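Below, each chain spelled out in residue letters.
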Amino acid sequence: MTEQHEVNLPPKYDPTAVEKGRYNKWVEGKYFEAERNNDKEAFTIVIPPPNVTGKLHIGHAWDTTLQDIITRIKRMQGYDVLYLPGMDHAGIATQAKVEAKLREENLSRYDLGREKFLEKAWDWKEEYAGFIREQWAKLGLGLDYSRERFTLDEGLSDAVKEVFVTLYNKGLIYRGEYIINWDPATKTALSDIEVIYKDVQGHFYHMKYPLADGSGHIEVATTRPETMLGDTAVAVHPDDERYKNLIGKKVKLPIVGREIDIVADDYVDMEFGSGAVKITPAHDPNDFEIGNRHNLERVLVMNEDGTMNENADKYRGMDRFECRKVIVKDLQDQGVLFKIEEHMHSVGHSERSNAVVEPYLSTQWFVNMQPLADAAIEIQKATDEKVHFEPERFEKTYLRWMENIRDWCISRQLWWGHRIPAWYHKETGEMYVGKEEPADIENWEQDQDVLDTWFSSALWPFSTLNWPNTEDEEFKHFFPTNVLVTGYDIIFFWVSRMIFQSVEFNDERPFNDVLIHGLVRDAEGRKMSKSLGNGVDPMEVIDKYGADSLRYFLATGSSPGQDLRFQWEKVESTWNFVNKIWNASRFALMNMDGLTYDEMDLSGKKSVADKWILTRLNETIEQVTRQVDKYDFGEAGRYLYNFIWDDFCDWYIEMAKLPLYGEDEQAKLTTRSILAYVLDHTMRMLHPFMPFVTEEIWQQLPHEGESIVRAAWPTVDDTLSDQEASDVMKQLVAIIRSVRNIRAEVDTPMSKEIPILVQANNEAVQKQLEANRIYLDRFCKPSELTIDTKVTVPDKSMSAVVTGAEIFLPLEGLIDIDKELARLQGELDKLTKEVERVDKKLANEGFVSKAPAHLVEAEKEKQKDYIEKREKVQARIQELQK
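Residues numbered from 1 in each chain as written. Predicted model: local features only at pLDDT ≥ 70, side-chain atom pairs only at ≥ 80, totals over all residues. Heavy atoms only, no water.

**Notes on unusual backbone geometry**
Negative phi characterises most residues that are not glycine, and trans characterises most peptide bonds.
Okay, so step 1: Of note, the bond from Glu 390 into Pro 391 is cis; its omega dihedral lies within 30 degrees of zero at 0°.
Okay, so step 2: Residue Phe 479 is joined to Pro 480 through a cis peptide bond whose omega torsion reads 0°.
Okay, so step 3: Within the secondary structure, Pro 480 sits in the loop between helix H14 (473–478) and strand S22 (481–487).
Okay, so step 4: Of note, Lys 187 is a non-glycine position whose phi angle comes to about 55°, a positive value.
Okay, so step 5: On the secondary structure map, Lys 187 appears in the loop between strand S5 (173–183) and strand S6 (188–190).
Okay, so step 6: By relative accessible area, Lys 187 is classed as partly exposed at 29%.
Okay, so step 7: The phi angle at Ile 255 is positive, at roughly 65°, despite the residue not being glycine.
Okay, so step 8: Checked against the element boundaries, Ile 255 lands in the loop between strand S10 (250–252) and strand S11 (259–264). (Helix = DSSP H or I, 4+ residues; strand = E, 2+ residues; numbered from the N terminus. Buried < 20%, exposed > 50% of the residue type's maximum accessible area, 1.4 Å probe, protein only.)

Structure follows, in structure tokens:
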């Protein structure tokens with residue numbers, strides 16, 4: 001028996017101990033730093049910058065794990081990899097957090113003033129940036145911290161100014177009075193995609209507006225009666241016979257008493273309601289457009305905080321919803337409001353504050369989107385230059401939004417963010433837009449608003465690489481980036497904006513591929529939320545099961561584009577897998593007898609098990625590489641799992657004990673070398689998924705290099721493949737499994753030796769089995785093993801059919817004939833179904849004519865094998881029924 005050497009892997013896998021301190025060693029060793037080496041092809045991923053509003057959630061963990069897997073693989077494949085870290089200032093969200101903290105001290109931002117408030121916001125940023133970096137480290141992300149960026153840092157601020165001023169000078173940024181989405185809680189404008197629509201039970205309020213000449217009335221309806229105070233017209237369709245005689249007349253606005261016109265406009269739907277609509281240009285986007293067509297006055301009746309203003313007369317100072325109740329009662333008392341109808345309708349809510357969004361007349365800054373969108377759509381028509389979406393179906397989602405684009409409101413009434421580079425002369429009111437402030441700054445006042453957070457985030461793939469200096473070596477080497485990994489929920493918010501800004505300013509896509517993943521949901525498939533209390537803190541998962549278990553679960557738990565259900569038992573199952581790897585590696589290391597890298601020798605005589613495991617390793621390398629290149633980490637994980645758990649741990653390690661515990665020193669060296677070689681290559685493939693445990697194991701294997709982080713990705717070595725030996729091994733495994741299954745059925749333990757007869761289909765099979773009977777003796781525990789092309793089958797025996805052979809176990813006194821017949825009948829039914837399935841497939845002319853020849857041939861081989869097995873089972877049933 002070989003001497004077992006002491007290794008540094010403890011008997012029990014402890015993820016906390018394995019992961020402790022390892023990340024710092026990687027960072028200190030600068031293993032994650034890009035080299036900007038022009039001899040290597042660059043590969044760039046910029047992290048979707050998390051908001052500095054809080055700590056990372058499980059969705060961030062999934063997103064960044066996928067990015068890290070890709071970058072670790074590419075680094076091992078020899079690319080000059082840049083995985084660039086950074087964070088987003090997240091204007092509305094961060095300001096809301098800082099203001100909430102101030103309220104605890106009975107302070108507001110106005111008490112502090114702009115400069116002092118921004119100091120508080122920067123303090124918040126530094127605190128939470130520290131938390132986020134700690135979480136990145138705990139997850140094991142291979143980030144290049146020497147290039148970390150923040151959306152408000154000086155370089156990115158310069159890029160924002162460059163873009164704003166350039167678009168303004170091109171006429172693509174303008175300032176105007178428009179109906180925008182207004183959040184009364186945060187008192188700022190919102191873009192369309194920052195509004196979430198929810199179905200709310202509301203009411204339709206039907207009113208009679210009296211004609212000014214006293215000749216009657218006209219019926220209108222609204223869901224927001226408080227806005228009637230700002231009505232400046234009633235509109236009807238020009239072809240509506242009911243109202244043709246009223247066009248040009250006036251109605252008297254109830255409560256207010258103001259006379260307003262009856263106008264004709266094609267927008268009005270004659271079939272809906274009364275066919276007449278009240279027009280409130282300052283509080284409805286459609287009414288705004290109608291008002292423009294008819295030169296109507298715009299009467300704003302609300303303040304920025306959602307209370308009624310001086311134009312609301314006696315309702316001034318009331319909250320908009322309180323005003324609604326009061327005005328409804330007043331209109332009923334006056335006989336104006338004659339019907340209230342239940343009405344379920346879609347109401348916009350602020351994504352950030354959850355307040356009901358108010359359509360609101362406001363002077364804001366906008367981007368003219370049509371020219372930018374057209375250019376971005378055009379680039380998708382060129383196969384070599386387009387952004388490739390994975391899965392492809394999300395390209396349609398992206399294009400649909402771009403083709404129906406609306407101008408983008410980019411100004412926000414906040415203090416935390418990129419201040420708009422526009423100034424107004426204090427005396428003349430003249431406006432100046434520029435990257436630098438006016439020379440006589442004392443005579444100018446800067447625009448108070450800041451830019452929408454997404455304006456700076458849209459520049460992230462190139463502003464982080466020192467753009468607008470396009471001659472900068474960083475920019476030239478690392479841009480365009482290679483892959484963006486993100487969720488389908490921000491295709492509109494972020495992905496689309498990065499594309500059109502890059503096309504506009506760089507004449508090319510910002511990234512080659514977009515890998516889209518879904519959302520992490522709870523075990524029941526529900527979206528995680530604070531209200532449901534079903535969120536999962538990734539750091540808690542790591543504390544319990546380790547980062548490697550969490551990462552592997554996240555990476556392999558769904559297919560591209562699909563949602564992922566978080567289940568604790570699946571993370572535990574992954575922990576069991578890591579434990580299996582740990583124990584197998586520990587056994588191998590203990591039996592390597594201090595083998596060094598230079599002593600490894602794969603040229604010696606190999607057993608069929610040696611040849612098989614090396615062949616399976618090659619097959620696994622090929623499949624895993626193919627799947628990760630397609631971003632299908634679930635499939636890659638499945639191949640790795642099957643190879644490690646089934647082939648390596650359950651079979652090869654057990655078979656390796658025969659030479660390791662034998663007397664043949666050359667066989668021992670070959671086995672040790674193969675164990676080391678297979679483990680080394682397996683750890684490399686597994687490393688991007690499980691960086692910590694693979695580094696721990698790899699460091700104790702014979703290897704070259706300082707860290708597995710910089711080790712080469714495994715490649716197929718055809719000289720080590722042996723398909724014939726692999727087929728023989730599969731047959732041996734099938735025989736051993738069959739014997740174990742039969743023993744289990746009749747409750748005959750492996751410790752009890754029994755005679756075993758193997759009837760080979762031909763002499764070639766017999767010869768192969770005889771040459772490898774050592775494995776059948778070791779793992780089947782026969783009292784006597786007979787291998788022949790023709791064996792005498794005892795009357796009372798159980799049997800199994802495998803490819804190329806039949807197995808018989810004489811179990812006189814142990815076998816129940818009825819049960820054995822029932823088992824064989826089940827086997828026969830299963831084989832019959834398989835034969836029918838293959839027959840049907842081969843009878844399909846479409847399959848036979850269109851499928852690759854090797855697939856058709858493989859089906860024919862299956863057909864032959866199933867028929868052969870079925871015949872043997874049928875014969876066995878007949879024998880037992882005699």
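**Looking at the UniProt feature "binding site: ATP" (unreviewed entry) in the protein**
Okay, so step 1: Under the present numbering, the feature "binding site: ATP" (unreviewed entry) in UniProt falls on Lys 530.
Okay, so step 2: The residue Lys 530 is located in the loop between strand S24 (520–521) and helix H16 (538–545) in this model.
Okay, so step 3: Note on Lys 530: relative accessible area 80%, which makes it exposed. (UniProt positions renumbered as here; feature names shortened; annotations may be inferred.)

**Here's the deal with the sheet that holds strand S15 (residues 388–390)**
Okay, so step 1: Across the sheet, 3 strands lie side by side as S15-S23-S22; this open sheet has parallel pairing. The open sheet has two edge strands with one neighbour each: S15 and S22. Sheet twist, expressed as the mean angle between neighbouring strand axes with direction ignored, is 20°.
Okay, so step 2: In this sheet, strand S23 (residues 511–517) lies alongside S15 in parallel orientation, the contact comprising 3 bridges. Considered in S23, the bridge of Phe 389 is made with Val 514. (Pairing = 2+ DSSP bridges. Axes fitted to C-alpha atoms, helices over the stretch in contact; angles between N-to-C directions.)

**Side note on empty space enclosed by the protein**
Okay, so step 1: Enumeration over the complete set of coordinates arrives at 5 cavities of 30 Å³ or more.
Okay, so step 2: Estimated volume of the largest cavity: approximately 110 Å³.
Okay, so step 3: Lining the largest cavity are 15 residues, and of these Trp 62, Leu 66, Ser 558, Ser 559 and Pro 560 lie nearest its centre.
Okay, so step 4: Those elements that place two or more of their residues in the lining of the largest cavity are helix H3 (58–76), S23, helix H17 (547–556) and helix H20 (633–660).
Okay, so step 5: Broken down by class, the residue content of the lining of the largest cavity amounts to 9 nonpolar, 6 polar and no charged.
Okay, so step 6: When residues are assigned to domains, the lining of the largest cavity turns out to be shared by domain 1 (31–161 + 457–517) and domain 3 (566–705), each giving three or more.
Okay, so step 7: Taken as a whole, the second largest cavity holds about 40 Å³ of empty space.
Okay, so step 8: In this structure, the second largest cavity is lined by Ile 581, Ala 584, Ser 585, Ile 644, Phe 648, Cys 649, Leu 679, Thr 682 and Met 683.
Okay, so step 9: The set of elements that each furnish at least two residues to the lining of the second largest cavity consists of helix H18 (568–590), H20 and helix H21 (665–686). (1 Å grid on protein atoms, 1.4 Å probe; cavity = no way out; pocket = protein on both sides within 12 Å on 5 of 7 lines; lining within 4 Å. Points joined across faces, edges and corners; volume = space filled by probe spheres on them. Nonpolar A, V, L, I, M, F, W, Y, C, P; charged D, E, K, R; others polar. Domains from an automatic or database assignment.)

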